[in-house]
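# Structural features, examined
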Amino acid sequence: MIQAASIRPEIVPRVGMTFSSVDHAYHFYSKYVEEAGFGIKKYHEKTYVKWLNCTREGASASINSPIPKEHNRGTKRGGCKAGMKLRKHLNSNKEVTSVTIEVFEALHNHPMLTKQAAKHCYSAKKRDPTYKEFINQLNDARVPHSSIINLMENIHGRPENMPLTSRDMQNM
């Protein structure tokens, strides 16, 4: 699959870009991921290197297992190589001073998700602390979950505009 042409060029990662921390690089990459239509996971991490990969990276462990699983739920892994390798620069105290994109692979071997489907990926969910505290206060006041959902739907206009799903709010 080819990278979508509708992605704004200023959010496309480039080799050599530098960030102040791994978290800043992750948030930058998340903006790209949201527009491109796939999920990401934080992958291998070593002292000097951090990988952020497509959630469809790798192969299913059940393929290599001689013992059949009791429940075959399928897998979304498909060997996708898209991702980003970050090089961490450390000071003498082993604290990260900056992070540079060392490798960036944009091509995927699977179709991209729609914006509606991509928002349900773990990496796309925005967990605003104020939002979370508000929902927790409603739960503490024993407001029924269905009423909380209705309130959030009214605030955001429609259910599909909500930043979290009903299940996400139950899990807070």
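Scroll up for the structure.
This text gives an overview of the structure that appears in the document.

What counts, and where the lines are drawn
- Residues numbered from 1 in each chain as written.
- Predicted model: local features only at pLDDT ≥ 70, side-chain atom pairs only at ≥ 80, totals over all residues.
- Heavy atoms only, no water.
- Salt bridge = Lys/Arg side-chain N within 4 Å of Asp/Glu carboxyl O.
- Helix = DSSP H or I, 4+ residues; strand = E, 2+ residues; numbered from the N terminus.
- Buried < 20%, exposed > 50% of the residue type's maximum accessible area, 1.4 Å probe, protein only.
- Axes fitted to C-alpha atoms, helices over the stretch in contact; angles between N-to-C directions.
- Left-handed = near helix turned anticlockwise from the far one by under 90°.
- Contact = heavy atoms within 4.5 Å.
- Nonpolar A, V, L, I, M, F, W, Y, C, P; charged D, E, K, R; others polar.
- Core = buried A, V, L, I, M, F, W, Y, C linked by side-chain atoms within 4.5 Å.
- Expected span 1.5 Å × (residues − 1).
- Phe/Tyr/Trp six-rings, centres within 6.5 Å; stacked < 30°, edge-to-face > 60°.

As a further point, take the pattern of salt bridges. By the definition in use, this model includes three salt bridges. A salt bridge links Glu102 to Arg87; the nearest nitrogen and oxygen atoms lie 2.8 Å apart. Highlighted residues: Glu102 in strand β5 (residues 96-105) and Arg87 in strand β4 (residues 83-90), separated in sequence by 15 residues. Judged by relative accessible area, Glu102 falls into the partly exposed class, the value being 31%.

Right, let's talk about the packing of helix α4 (residues 129-140) against helix α5 (residues 145-156) for a bit. Across the interface, α4 lies against α5 with an axial gap of 11 Å and an inter-helix angle of 145°. Our pair here, α4 against α5, has a crossing hand that is right-handed. Contacts from Tyr131, Phe134, Ile135, Leu138 and Asn139 of α4 reach α5 at Ile148, Leu151, Met152, Ile155 and His156. Class assignment for the residues of the contact of α4 with α5 results in eight nonpolar, two polar and no charged.

Glycine aside, residues mostly have negative phi, and peptide bonds are mostly found in the trans state. Notably, Lys94 is not glycine yet its phi reads approximately 65°, a positive angle. Mapped onto the elements, Lys94 comes out in the loop between β4 and β5. A positive phi angle, near 60°, is found at Arg142, a position not held by glycine. In this structure Arg142 comes out as exposed when scored by relative accessible area, which is 75%.

This brings us to the nonpolar core. In this structure, Tyr29, Tyr32, Phe38, Met84, Leu86, Ile101 and Phe104 are the most contacted members of the largest nonpolar core, which totals 25 residues. Elements that contribute at least two residues to this core include exactly α1 (22-36), β3 (49-54), β4 and β5. The leading source of residues in this core is α1, at eight residues. Counting nine residues, the second-largest nonpolar core is a separate cluster that includes Ile148, Ile149, Met152 and Met169.

Taking 1.5 Å per residue, 12 residues should reach 16 Å; α5 reaches 17 Å between its end C-alpha atoms and fits that length. Packing partners of the buried residues in α5 comprise α4 and α6 (166-170). Trailing α5 by a residue or two, Gly157 shows a phi angle of about 95°, which is positive.

Tallied over the full model, the rule gives six aromatic pairs. For the ring pair Phe19 and Phe28, a centre distance of 5.3 Å and an interplane angle of 45° mean the geometry is tilted. The burial state of Phe19 is the same as that of Phe28; both residues are buried. With 6.4 Å between their ring centres and 70° between their planes, Tyr29 and Phe38 make a pair best called edge-to-face. For Phe38, a relative accessible area of 3% puts it in the buried group. Of the aromatic side chains, those joined through ring pairs into one cluster are Tyr29, Tyr32, Phe38 and Phe104.

Take it as geometry only, folks, not as evidence of what the structure does.
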